[in-house]
Amino acid sequence: MAHFLKETDFAPHQASEVFALAQSFKKGRGRHTPPSLKGQTWAMIFSKSSTRTRVSFDVGIHELGGHPIFLNKNDIQLGRGESVYDTANVLSRFVHGLIVRTFEHRELEELSELGSIPVINALTDFLHPCQTYTDAFSMTERWSDGTNHLESLKGKKMAYFGDTANNIANSWILGAAMFGMELVLAGPEGYEPGDDIKKVLAESGYAPTYSFTKDPEAAACDADVLYTDTWVSMGQEEESADRIEAMKPYSVTSDLMRLGKADALFMHDLPAYKGMEVQEDVLYGSQSIIFDQAENRLHTQKAIMAVLAQGVRA
Ligand code: CP
Ligand code: NVA
């Protein structure tokens with residue numbers, strides 16, 4: 001049974017298929033979408049808040065001819081202490097696929113090991129692969145001629161600022177290696193990429209393409225993309241004051257943007273905290289593609305589900 005728990009769960013030819021399908025779903029939206037999930041019900045179990053992921057999966061399942069069921073942890077027995085494992089075991093007797101947003105990445109892996117239905121990672125503390133694939137697709141919309149998605153990413157430089165040890169940074173460590181991009185992570189001491197992501201990358205068979213620096217200006221130099229994410233991820237609220245203090249020098253400003261290539265993109269997975277990890281003029285400036293990224297969650301995740309559904313039982 002195929003799952004999508006991390007970037008490297010798909011082979012390059014599947015990633016290429018995802019980008020081509022996302023492109024065609026986007027172009028044909030409202031006219032023709034092959035009903036890849038016809039007759040299927042997919043459940044979304046969310047233990048954390050979400051706007052983009054929740055809505056894009058709900059709409060996407062519907063547009064693929066399937067039926068989505070959204071299950072907030074606190075509305076089901078999971079919120080009263082029933083384990084995610086038992087919950088998923090029960091749900092897999094009812095539904096054709098699971099989309100899970102949770103804290104512990106191991107929990108997600110355990111769910112997938114049930115083996116009977118595909119599981120998609122809708123964000124864990126460790127990784128957010130639906131975001132990475134969407135981000136990469138959003139770049140290909142600028143750089144590809146529509147037939148060479150993967151090739152168009154090769155050799156491009158992404159500079160990522162702020163929390164260089166969170167789920168988005170980890171996901172981009174895998175994504176950059178897989179897509180042949182150079183990733184320069186700029187963040188404060190104590191937030192360097194952890195051993196856990198280095199281990200997953202080593203096991204994936206891709207050579208590392210990232211480096212870490214404490215110097216944001218060096219990172220921004222000649223970058224094709226300047227990317228940032230919140231300094232305080234869901235579940236880290238108690239560390240807010242320390243994180244904000246440590247990451248202040250890594251806010252993406254227009255001065256930093258000017259160090260990148262003239263046509264460099266500004267990207268953020270959202271939600272954004274203006275005046276913290278990014279200044280308002282950059283967030284809404286002419287180089288920003290944040291709302292394309294958000295929209296593309298829908299097209300890319302439909303493509304991910306369509307690829308996974310090829311192996312789903314009727
Ligand atoms: N970027 C992202 O995953 O947003 P949500 O938390 O709103 O789903
Ligand atoms: N790093 C952020 C991403 C939100 C989409 C978090 O985990 O809260």
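In the block above lies the structure referred to throughout.
## Section: the pattern of salt bridges
Side-chain pairing between opposite charges can occur once the charged atoms of the two side chains come close.
Next, step 1: With the rule as written, the count across this model stands at 17 salt bridges.
Next, step 2: Across the pair Glu141 and Arg142 runs a salt bridge, and its minimum N-O distance is 3.7 Å.
Next, step 3: Arg142 gets classed as partly exposed once you look at its relative accessible area, which sits at 35%.
Next, step 4: Each of Lys26, Glu141, Arg142 and Asp292 takes part in one network of salt bridges that share partners.

## Some remarks on the site of ligand 2
Next, step 1: Around ligand 2, a shell composed of Leu123, Asn166, Asn167, Asp229, Thr230, Ser233, Met234, Asp269 and Leu270 is seen.
Next, step 2: For ligand 2, a nitrogen atom lies 2.7 Å from a polar atom in the side chain of Asp229.
Next, step 3: In the environment of ligand 2, an oxygen atom lies 2.8 Å from a nitrogen or oxygen atom belonging to the backbone of Met234.
Next, step 4: When atoms are counted within 2 Å of each cavity's grid points, the one that captures over half of ligand 2 is the largest pocket.
Next, step 5: Within the shell around ligand 2, the residues separate by chemical class into three nonpolar, four polar and two charged.

## Topic: unusual backbone geometry
Next, step 1: Omega for the peptide link from Leu270 to Pro271 comes to 5°, which places this bond in the cis form.
Next, step 2: In this structure, Pro271 sits in the loop between β9 (265–268) and α12 (280–283).
Next, step 3: Notably, Leu270 is not glycine yet its phi reads approximately 65°, a positive angle.
Next, step 4: Turning to its location among the elements, Leu270 is positioned in the loop between β9 and α12.

## Some remarks on the packing of helix α1 (residues 12–27) against helix α5 (residues 129–143)
Next, step 1: α5 packs onto α1 with a crossing angle of 65° between their chain directions and a minimal axis gap of 10 Å. Between α1 and α5, the interaxial angle falls into the category roughly perpendicular. Remark: the crossing between α1 and α5 carries right-handed chirality. For the pair formed by α1 and α5, the contact residues are Ala15, Val18, Phe19, Ala22, Gln23 and Lys26 on the first element and Tyr133, Ala136, Phe137 and Glu141 on the second.
Next, step 2: Tallied by class, the residues present in the contact of α1 with α5 amount to seven nonpolar, one polar and two charged.

## Observations concerning the pairing of strand β5 (residues 157–161)
Two faces, one strand: in a regular strand the side chains alternate between the faces of the sheet.
Next, step 1: With five of its five residues buried, β5 lies for the most part within the structure.
Next, step 2: Alternating residues of β5 divide into Lys157, Ala159 and Phe161 and Met158 and Tyr160, and every residue in both groups is buried.
Next, step 3: Strand direction decides the pairing type here: β5 and strand β6 (residues 182–186), joined by five bridges, are parallel. Within the sheet, the bridge partner assigned to Phe161 lies in β6 and is Ala186.
Next, step 4: With four bridges connecting them, β5 and strand β8 (residues 225–228) associate as parallel partners. Across the sheet, the residue bridging to Ala159 is Leu226, located in β8.

## Some thoughts on the environment of Ser152
Next, step 1: Along the polypeptide, Ser152 turns up in helix α6 (residues 149–153).
Next, step 2: The buried category is assigned to Ser152, whose relative accessible area is 6%.
Next, step 3: Expressed as a C-alpha distance, the spacing of Ser152 and Gly180, which sit 28 residues apart in the sequence, is 9.8 Å.
Next, step 4: Residue contacts for Ser152: discarding those within four places in its chain leaves Thr140, Trp143 and Ser144.

## What to know about the side chain of Ser56
Next, step 1: Mapped onto the secondary structure, Ser56 falls in helix α2 (residues 52–63).
Next, step 2: Of note is the side chain of Ser56, whose polar atom sits 2.5 Å from the backbone oxygen of Arg52.
Next, step 3: Within the local environment of Ser56, its side chain forms a polar contact with the backbone oxygen of Thr53, the two atoms lying 3.3 Å apart.
Next, step 4: With sequence-adjacent residues up to four places away left out, Ser56 is seen in contact with Arg297, Leu298 and Gln301.

## As for α1
Next, step 1: With 16 residues, α1 extends 23 Å from end C-alpha to end C-alpha; this agrees with the ideal 22 Å at 1.5 Å per step.
Next, step 2: Regarding α1, the residues found buried are Ala15, Val18, Phe19, Ala22 and Phe25. Taken end-on, α1 shows its buried residues confined to a sector of 130°, consistent with a single buried face. The outward face of α1, more than 90 degrees from its buried face, is lined by the exposed residues His13 and Lys27.

Criteria and thresholds
- Residues numbered from 1 in each chain as written.
- Chains lettered and ligands numbered in written order.
- Predicted model: local features only at pLDDT ≥ 70, side-chain atom pairs only at ≥ 80, totals over all residues.
- Heavy atoms only, no water.
- Salt bridge = Lys/Arg side-chain N within 4 Å of Asp/Glu carboxyl O.
- Buried < 20%, exposed > 50% of the residue type's maximum accessible area, 1.4 Å probe, protein only.
- Near = heavy atom within 4 Å.
- Polar contact = N/O pair within 3.5 Å; in protein donor to acceptor, adjacent residues only side chain to side chain.
- 1 Å grid on protein atoms, 1.4 Å probe; cavity = no way out; pocket = protein on both sides within 12 Å on 5 of 7 lines; lining within 4 Å.
- Sits in = over half its atoms within 2 Å of the grid points.
- Nonpolar A, V, L, I, M, F, W, Y, C, P; charged D, E, K, R; others polar.
- Helix = DSSP H or I, 4+ residues; strand = E, 2+ residues; numbered from the N terminus.
- Axes fitted to C-alpha atoms, helices over the stretch in contact; angles between N-to-C directions.
- Parallel < 35°, antiparallel > 145°, perpendicular 65-115°, else oblique.
- Left-handed = near helix turned anticlockwise from the far one by under 90°.
- Contact = heavy atoms within 4.5 Å.
- Pairing = 2+ DSSP bridges.
- Expected span 1.5 Å × (residues − 1).
- Arc of directions from axis to C-beta.

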